[in-house]
Structures are given as C-alpha cells and as structure tokens.
Amino acid sequence: MLSRRIIPCLDVRDGKVVKGVRFRDHVVMGEIVDLALRYRDEGADELVFYDITASPEGRSVDRGWVERVARVIDIPFCVAGGIRSVDEARAVLHAGADKISVNSPALERPALIDELAAAFGVQCVVVGIDSLRDADDAWRVRQYTGDPTKTQALARKTLDWMTEAQQRGAGEIVLNCMGSDGMRQGYDLEQLSIAREICQVPLIASGGAGAPKHFRDAFIEADVDGALAASVFHSGAIAIPALKHYLHEQGVAIRL
Amino acid sequence: MSVVLVDAGGTNIGSVRYALQRLGVDAALTADAAAIRAADKVILPGVGAAGPGMARLRELGLVELMRTLTQPVLGVCLGMQLLCADSEEGDTACLGLIPAPVRRFVEAPGLRVPHMGWNQLRTQQPHPLLAGLGDDDQAYFVHSYAVPVGDWSLVTSDYGEAFSAVIACDNFHGMQFHPERSAAVGAKLLRNFLKL
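Residues numbered from 1 in each chain as written. Chains lettered and ligands numbered in written order. Predicted model: local features only at pLDDT ≥ 70, side-chain atom pairs only at ≥ 80, totals over all residues.

## Some words on the overall build of chain B
Note the following rule: Runs of E in the DSSP output that reach at least two residues are strands. Runs of H or I that reach at least four are helices, and both are numbered from the N terminus. Every radius of gyration here is taken over C-alpha atoms, with the globule rule written as 2.2 Å times N^0.38, N being the number of residues. Note on burial: count the other C-beta atoms lying within 10 Å of the residue's C-beta; 20 or more is buried, 12 or fewer is exposed, in between is partly exposed, and C-beta positions come from the backbone. C-beta atoms are first placed from the backbone for all residues, and any pair lying within 7 Å is then listed as a contact.
When helices and strands are counted, chain B shows six helices and 14 strands. Since a compact globule built from 196 residues should have a radius of gyration of about 16 Å, the 15 Å found for chain B is in line with a globular shape. Along the three orthogonal principal directions, the C-alpha set of chain B runs to about 50 × 35 × 30 Å. For chain B, buried positions account for 53% of its 196 residues. Taking the contacts inside chain B whose residues are at least 6 apart along the sequence as the reference set, 68% of them involve residues at least 24 apart.

As structure tokens, this is what we get:
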C-alpha cells in the first residue's frame, strides 16, 4: 500500500532556510544542507525547497546548493523558485533535484506547464498553488507570495486553476492554504476536501500544521497524499519519528 | 571494479552517480560502446518516456550493444522498462532483454496516476540482489507505467493491483523504484547489485 508522505518544507532565502508567519516576517532557521540531513535522518519522506525570493525578484534559483543537497540526500526532493523555462528546469533537474515545482511563473504563462511535462514527463512537474479565501467566499489564487510587497490577488479561482494545471500536465499539486499558513491551527480541511474531489494527481496539503492530529485529519478526512509543514519541524515542536508512529497507530499508511 | 552509467539522457543520472559515490564507487558516465562493454557492471538510469528513451539509445548506437552485454546490468525506473519487450507508452518496442510488457496504470477512484511515493516491497523469489531485504521495507516510486507480475518478478508492490518492483532475467535486472532516492533500503539494493 502506498504510504502517505510527511514533507518538511524548507523556504530558502539568500541561501538560508527561513520561515515567516503568514508568508511574512522571515527569520533564519538554519543552513540548507544541515537541515536537509537532519530531516533525512529523522525519516522525512521527501523534502521541498522553495526559493521564496526568486519569483518576485525575477531571477532563477541558485543551483549551487541543489547539487550539494543531491550529493548527501538519499530521499527525493523538489525544488521551486522562479523556474520560468525548460532550460532552467533542466539545469535544476540535472543538478540532482527529482522534481521541479512552478507557481508564479505558471500563472504568468500557463503553457510553461505543458512545456515542462513534454520535456521531462508529468512525474517531474509539480504545480504549487497559493490560495486565499475572498470576501465572497471563493478561493482565489495569489501570485508572488514570497514578497508581501509584491503579492498580487488574481481573479483566477483556485479550483479552476487546479483543473487547468492538471490538463496541462501537472503531475502533482501542492495547495498552500494561505489563510491557515503559520497559524498552527490545522490544515484547511474544507478547502483540501473540495480540491481532492477534482484532483486526479497526488495532492499535497500545505499551511497550518500545529499538532500531530492535524496531519491525521488531512490524511483521513481530506484524503491528501502528502502533508507539508515547516515551522513545527524546524522548531522541534513536532518530531518526525513520533509523528509517524502516531499516524501509524491512527491507521494511516506510513513509512516507519 | 568498474561501473558505468549509460548516458541515455535521463535527468536522474546525477542522483544515481551520487548514490554510488556514497557507497564508495565512482561510476563513469558514458555513451561509449567500448567503455560499456568493458565495464564490470552497467547501470541504465532513466526518467522520461519510453519512445524518446529508445530513440536516444538508437541515436547513440547502443541498442545492439545493450542486447549483447553479458555482465550484470541494472535498469532503473524508465531504464528498467527499456529492458523489457515493449511499452504501451507510445507503443514502443524496447530492448527485449526481459520478456515482460509495460502497461499504463488504470486510473480508478482513489488511485492517482502517477503512482508517486513510498510503497511496500514484497519479495516473490529469493535472489542475491535482495539480500537483507525485509518485508516492511519500502522504496520510492514515481511512474505512470508498470510491468505486470510474471515469471520475471523478484519483488512486487501493490497499487490498485500487484505490479513488478524488481525484475530479472539472466544477467539483466530492473528496479521500478528509485534506489538512489530510497534511503537505506535503496542503498542496500544498490550494494547488492555491485556484489553480483
């Protein structure tokens, strides 16, 4: 049986791992390779690195650390951050990343998803979606969330974009629920459950993990394939081995 | 011992090379027929689609060479599928070294394609490649096409139905998952291959 995945997310800014609350006010959490090795040793199933400064600044991800991570890490990892072309994606994949994730650049130019899927196969192509509920109760997509001064609210509805991204060749969707991100009150189960109904590819929950039960709820109630979290892992509030044993006891298929 | 990685253009070549380095083996990346023929072990990595994968081997003039190798050969992911008879992916004729077909996973409720993540390995036949492999061991898979269960299956895994996770025929071996990304379990299986 396929295991549900526990995925620490390392937000990278200027070569360091950082974390902010509600995508703002970033503080340095540690060195990339040190944290990557720590999570691998603790039993993380996969790692995601987001270069959160890349898209707003219009530059691509610095590849030096991708290769350093690839040399020491023996679990899969995904790199996101300002990948705007097949050539940039190829460079990151050749440096040793297993998957690339696109977010703001795919909103700028949706055909990027088709091009990446054609070049590398859908299994390499993750589409990240930053989503926030508006006053009319609809969830809509946000762009350039790495820099609060540049973040834009789009007219595009989250579920419409999720459908289009899959049609274009997304092999996995990471849904960042911005309303719950950094609050540690649990994943946005309502939004994730609705997204699950239209998501035919693996769906990863992001934003809001604060306690082991939140992971259980995301897996059992929203049926997501993986759960991503950052600050609760970086701070040591949740230890991955204990979390995985708890989930196993709760009947969640997990790799121990 | 000399180990070569056949440079057929897959994006996971770097990762496989690093995994071998962690085991103390510096594998050469090559598309040179003489170097491949002379190696003690040959690994065919691969990520992507079957059609372009075979086209690349043809362009490099390696199809007949691969078919005549007598040393232990390991195909990883797409590399494993290229060792098989044929693939439903683009109706591609493959190398035919392991008499198995490659079929697409059929999507069903709750069965997302690609099959992506860690899944349990179930040993079907003893083999030196599997030394030390336990029943609870898991490996990391990323694929939309799979080899059905048959005489060639050394290890199976389940996703909707059972499929082949490790296959072998004579000196040709294949792993559907990514041993280079399967933590200690993957390292164990790669080490076993290097000892064959």
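## Section: the interface of chain A and chain B
Short version of the rule: Under the convention adopted here, Pro, Cys and the residues Ala, Val, Leu, Ile, Met, Phe, Trp and Tyr are nonpolar, Asp, Glu, Lys and Arg are charged, and Gly plus all remaining residues are polar.
Contact residues are listed per partner, giving 27 residues for chain A and 30 residues for chain B. Classifying every residue of the side of chain A that touches chain B gives twelve nonpolar, seven polar and eight charged.

## What to know about the sheet that holds strand S13 (residues 161-169) of chain B
All names here are of chain B. Operational definition: Strands pair, by our definition, only if DSSP identifies at least two bridges between them. Between N-to-C directions, angles span 0 to 180 degrees; the directions come from axes that are lines fitted to C-alpha atoms, helices contributing only their stretch in contact.
Strand order in the open sheet made by the eight strands is S2-S1-S3-S4-S14-S13-S12-S9, with mixed pairing throughout. The open sheet terminates on both sides in strands that have one partner only, identified here as strand S2 (28-30) and strand S9 (122-123). Two strands pair when backbone bridges link them, and S13 and strand S14 (residues 172-175) are joined in this way by four bridges, in the antiparallel orientation. Pairing of Val-166 across the sheet is with Met-175, part of S14. The sheet contacts of helix H1 (residues 13-22) involve strand S1 (3-6), S2, strand S3 (41-44) and strand S4 (73-76), and relative to S1 the element is tilted by about 165°.

## Considerations on helix H5 (residues 111-120) of chain A
All names here are of chain A. Quick note on the threshold: Our arc is simply the arc of the directions from the helix axis toward the C-beta atoms.
Within H5, burial applies to Leu-112, Ile-113, Leu-116 and Phe-120. The arc that holds every buried residue of H5, seen down its axis, measures 100°, which confines them to one face. Close packing links the buried residues of H5 with helix H3 (86-94), strand S6 (99-102), helix H4 (104-108), strand S7 (125-133) and helix H6 (158-168). Positive backbone phi, at 90°, marks Gly-121, one or two positions downstream of H5.

## What to know about unusual backbone geometry
Residues and elements named next belong to chain B. Pro-114 follows Val-113 through a cis peptide bond whose omega is 10°. As for its placement among the helices and strands, Pro-114 is situated in the loop between strand S7 (101-104) and strand S8 (115-120). With a phi angle near 60°, Cys-77 is a residue other than glycine that sits in the positive phi range. As for its position among the elements, Cys-77 is in the loop between S4 and helix H5 (78-83).

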